[in-house]
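Architecture at a glance
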Amino acid sequence: MTPILATENVVCSFGTARAVDEVSLDLWPGETLGLVGESGSGKTTMLRLLLRLAQANAGHVRFDGRDITHAPESALRDLRRAVQVVFQNPHAALDPRASVFASVAEPLRLQGGLTRAMLRARVTSLLEDVGLGEEFLWRYPHEMSGGQKQRVCIARALAPGPRALLLDEPTSALDVSVQAQIIELLAALRARHGLAYLFVSHNLAVVRLLCTRVAVMRGGVIVEQGEAASVLAAPRHSYTQALLASVLPPRATLAAQSPSAKAVTA
């Protein structure tokens, strides 16, 4: 089996500063890999490198084992279809002038081959997949809550039929109770569609719930990685230990916030 995405000793510099410094990382089919660290540690730059939205100064970026480090945009069509991204802020990720139908249908239109009726049926199915009814088709972003907008963003990411989602702090802009619903949704979608996730986060409680493997990043370097349960239960690196020590015990954990007991339209 080949990783869907991988980096090998990749470097990304901005001026004299190395945002990513000789990092090797891989994302395997069906797994959820958590990439954690404080702000400025290089997590989002890693995500951009994997998406080929940032250019590596050294090292290699691979998609399905193929080196795409310097591939032209015209050669990245398979990557763009197979790997989709969900961003941190759903309020900024949606065009305020576009209906839900228009936003979710956009990647389907780019692929082509669907009539208007087929587009509507497919968009409706995608919305149902993320827990939203057909009544959301013609709503606009200002008519929805933050959790509903993030569900729309997830539906749009699922539209091309990807094999992997790169999730950049997808719950950090949401209330805690809504975070729990989105986390449960992501877990269900992963099982239903056999997706792989790269989950970029600083929230170790969320990482503990969702991720099967974790990589800890500091100053552009991976300082520790391994099975999530092992790393979070017995971290070896002092930085990982400090991250865990900084997490205050919540009065109600995400695990206790059962989405099944709440309205799914939050």
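Of all hydrophobic cores here, the largest spans 49 residues; its most connected members are L127, I154, L186 and F199. Those residues within four positions of I154 in sequence are excluded, and the remaining contacts are V86, V130, I182, L185, L186 and L189. Counting 33 residues, the second largest nonpolar core, distinct from the first, contains L35, V61, I68 and V200.

A complete count under the given rule lists 11 salt bridges for this structure. For R81, the salt bridge goes to D78, with nearest N and O atoms at 2.9 Å. Here the residue R81 and the residue D78 both occupy positions in helix α2 (residues 77-82), the gap between them amounting to 3 residues, near one helical turn. The shortest N-O distance in the salt bridge between D129 and R192 comes to 2.4 Å. Placement of D129 in helix α5 (residues 116-129) and of R192 in helix α7 (residues 176-193) is noted, with a sequence separation of 63 residues between them. D129 sits in the buried class, given a relative accessible area of 17%. Overall, R192 belongs to the partly exposed group, its relative accessible area being 47%. Among the charged side chains, a network of salt bridges with common partners joins E8, R62 and D67.

Our next topic: helix α1 (residues 43-50). In terms of burial, α1 is largely enclosed, as 6 of its 8 residues are buried. For α1, every residue scored as buried is listed here: K43, T45, M46, L47, L49 and L50. Just past α1, the residue R52 takes up positive phi, approximately 60°.

With respect to the secondary-structure elements, T69 resides in the loop between β5 (66-67) and α2. Considered as a pair, T69 and V10 are 59 residues apart in the sequence and their alpha carbons are 9.4 Å apart. At a separation of 2.8 Å, a polar atom in the side chain of T69 contacts the main-chain amide nitrogen of V61. Here the side chain of T69 touches D67 through a polar contact of 2.5 Å, side chain to side chain.

What follows concerns the sheet that holds strand β10 (residues 221-227). In space, the 6 strands of this open sheet follow the order β6-β7-β8-β3-β9-β10, with mixed pairing throughout. Only two strands of the sheet have a single partner each, and these edge strands are β6 (83-86) and β10. If you compare each strand with its neighbour and ignore which way they point, the axes differ by 15° on average. Sheet contacts for helix α6 (residues 146-158): β6 and β7 (164-168); angle to β6, the most-contacted strand, approximately 170°.

Our focus in this paragraph is the packing of aromatic side chains. Aromatic ring pairs: the centre-centre distance and the angle between the two ring planes describe each pair. Evaluation of the coordinates by the stated rule reveals 1 aromatic pair. Aromatic side chains F101 and W138 sit 5.0 Å apart centroid to centroid with 40° between the ring planes, which places their arrangement in the tilted category. You can see F101 sitting in helix α4 (residues 100-111) and its partner W138 sitting in the loop between α5 and α6, a full 37 residues away along the chain. With relative accessibility at 2%, the residue F101 sits in the buried group. Under the relative-accessibility criterion, W138 is labelled partly exposed at 42%.

Criteria and thresholds
- Residues numbered from 1 in each chain as written.
- Predicted model: local features only at pLDDT ≥ 70, side-chain atom pairs only at ≥ 80, totals over all residues.
- Heavy atoms only, no water.
- Core = buried A, V, L, I, M, F, W, Y, C linked by side-chain atoms within 4.5 Å.
- Buried < 20%, exposed > 50% of the residue type's maximum accessible area, 1.4 Å probe, protein only.
- Contact = heavy atoms within 4.5 Å.
- Salt bridge = Lys/Arg side-chain N within 4 Å of Asp/Glu carboxyl O.
- Helix = DSSP H or I, 4+ residues; strand = E, 2+ residues; numbered from the N terminus.
- Polar contact = N/O pair within 3.5 Å; in protein donor to acceptor, adjacent residues only side chain to side chain.
- Pairing = 2+ DSSP bridges.
- Axes fitted to C-alpha atoms, helices over the stretch in contact; angles between N-to-C directions.
- Phe/Tyr/Trp six-rings, centres within 6.5 Å; stacked < 30°, edge-to-face > 60°.

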